[in-house]
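Summary of the model geometry
What follows is the residue order along each chain.
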Amino acid sequence: MPMRLFLFLLLLLLPVCFSFIVTLPGTLDGTLHGSTGLTRLNLFDFFKEKSKEGVIQLGNIAKGDFVSVGNYISQENEILSSRLSTIFSQTQMGADLMRVFTGEGGTEEMLHGLRDVLLKADMGTEASDEVIEEVRAVAKAAEGKVKPEKLTALVRSRLISILTSPSPFASLAFSTSPDTPTVHLVMGSNGMGKTTTIGKLSRRLTSGPRDSKVLLAACDTYRAGATSQLAVWAERAGVEVYAAEDVARANCAPGEGPEEEAVRKVGPSTVLFKALEKAKRENFDVVIVDTSGRLSNNQQLNKELIKIKSVVPKVLSGTSAHETLLVVDASQGAQAVESARRWSADVGVTSLALTKLDGTAKGGAVVAI
């Protein structure tokens, strides 16, 4: 197939695929919910309709009518942009922004309202000031004659740029040596969702393109039921768990099980040390370390985290943990920012996992962090 024809086919397919995805916020039975009410559309009919349009545009390509093809692509992209704007406007923050930008006050009053919206979304003063200054510059250059939709789009793009700014931490780090397993240390306060996050991450690592062999190190040796909870997620993800009981069992006579007192005496650092040895010996690709929940101002437990991290280079010949992942509840707000700041200073945080976004939480704290 000629390269020019291939590129045009690709351009044709992209808007079709995007429009399909954006148009499916409804139920799985083919019921689509639009802003003007309820519309029923069988998915087969949808693809049939788009296929007809594609055939027409292929005919235009064959005839050399690239103007019609270009117009079709532009039209589909405009539809996509409109739908994305509609989706954003239907969120609480999008609605609040439109209310602020359509107000009758002056520029400063509008910016004051914008600050309230951003702070209400837990985005913090620093990130809010960045957005406000950019909006102020645009409004000043246009002498206040800027469409509300344009300002809303500006805020949205600025927030996206903060979250996607280039950095060495744009994605999780993995070991580049085939002889050294990747180590991800997971930490956070009680009830943040650390164990659930570990289970989901394990599933993605084993079922995704990496197809990794994953070992979970159960280093939460304090909370009752922590190991059994981790074992449930390990079974779901099809991965193995190494816990204090395994350490104690290694010291027992053949055929005998460990006593409860012996299991209780095994500390988290010992569990990690033995888990890393097992990972090296049995060629595991990734070791995910579950730690006990703690508050960021608990210095004693923070020292324990530092001790746990120090175990990694001892076993892996100088290689430190590849990630220190902080799990943050989306509803925490300013408390999440303070926790991240304290742990980053004491332990070192390289990545964030934002949990519990299926409720009413806004999750704006991740922008502030």
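Residues numbered from 1 in each chain as written. Predicted model: local features only at pLDDT ≥ 70, side-chain atom pairs only at ≥ 80, totals over all residues. Heavy atoms only, no water.

1. Some words on the side chain of Thr-291
Along the chain, Thr-291 turns up in strand β6 (residues 286-291). Take Thr-291: its relative accessible area is 0%, and that puts it in the buried class. Looking at Thr-291, its side chain comes within polar contact range of the main-chain oxygen of Val-186, at 2.7 Å. Leaving out residues up to four positions away in the same chain, Thr-291 has contacts with Leu-185, Val-186, Met-187, Lys-194, Cys-219, Asp-220, Leu-305 and Ile-308. (Helix = DSSP H or I, 4+ residues; strand = E, 2+ residues; numbered from the N terminus. Buried < 20%, exposed > 50% of the residue type's maximum accessible area, 1.4 Å probe, protein only. Polar contact = N/O pair within 3.5 Å; in protein donor to acceptor, adjacent residues only side chain to side chain. Contact = heavy atoms within 4.5 Å.)

2. So, the pairing of strand β7 (residues 323-329)
Counting buried positions over the seven residues of β7 gives seven, a clear majority of the element. Of the two faces of β7, the one lined by Glu-323, Leu-325, Val-327 and Asp-329 and the one lined by Thr-324, Leu-326 and Val-328 are each fully buried. Here strand β3 (residues 182-187) runs beside β7; their pairing, made up of four bridges, is parallel. In the sheet register, Met-187 faces β7, and the bridge partner there is Leu-326. (Pairing = 2+ DSSP bridges.)

3. With respect to the side chain of Ser-351
Within the element layout of this structure, Ser-351 appears in strand β8 (residues 351-355). Only 2.6 Å separates the side chain of Ser-351 from the side chain of Glu-323, close enough to count as a polar contact. Once you skip the residues sitting within four places of it in the chain, Ser-351 turns out to touch Leu-172, Glu-323, Thr-324, Leu-325 and Leu-326.

4. Let's talk about the sheet that holds strand β4 (residues 214-219)
Strand order in the open sheet formed by six strands is β5-β4-β6-β3-β7-β8, and the pairing between neighbours is parallel. Every interior strand has two partners, whereas the edge strands, β5 (240-242) and β8, have only one. Within the sheet, the average angular offset between the axes of one strand and its neighbour, ignoring direction, is 25°. Pairing of β3 with β6, which is carried by five bridges, proceeds in the parallel orientation. Bridge pairing links Val-183 to Val-287 in β6. Running at roughly 165° to β4, helix α12 (residues 268-281) makes contact with β3, β4, β5 and β6 of the sheet. (Axes fitted to C-alpha atoms, helices over the stretch in contact; angles between N-to-C directions.)

5. Some thoughts on the packing of aromatic side chains
Across all of its chains, the model carries zero aromatic pairs by this definition. A cation over a ring is seen here: Lys-213 above Phe-284, with NZ or CZ 4.5 Å from the ring centre. For the cation-ring pair, Arg-236 lies above Trp-233, with the distance from its terminal atom to the ring centre recorded as 4.6 Å. (Phe/Tyr/Trp six-rings, centres within 6.5 Å; stacked < 30°, edge-to-face > 60°. Lys NZ or Arg CZ within 6 Å of the ring centre and 35° of its normal.)

6. Considering the pattern of salt bridges
Inspection of the entire model under this criterion finds eleven salt bridges. We note a salt bridge from Glu-133 to Arg-136, for which the minimum N-O separation is 2.5 Å. Of this pair, Glu-133 and Arg-136 both sit in helix α6 (residues 124-141), separated by three residues, roughly a single helical turn. Exposure remark for Arg-136: the relative accessible area of 25% places this residue in the partly exposed category. A salt bridge links Arg-249 to Glu-245, with the shortest nitrogen-to-oxygen separation between them at 2.8 Å. On the criterion of helical spacing, the pair formed by Arg-249 and Glu-245 is a turn pair, its members being four residues apart in helix α10 (residues 244-250). Taken together, the salt bridges that share partners define one network made up of Glu-108, Glu-133 and Arg-136. (Salt bridge = Lys/Arg side-chain N within 4 Å of Asp/Glu carboxyl O.)

7. Some words on the environment of Glu-260
Structurally, the position occupied by Glu-260 is in helix α11 (residues 260-264). Note on Glu-260: relative accessible area 63%, which makes it exposed. Remark: the alpha-carbon pair of Glu-260 and Ala-248, spanning twelve residues in sequence, is separated by 9.1 Å.

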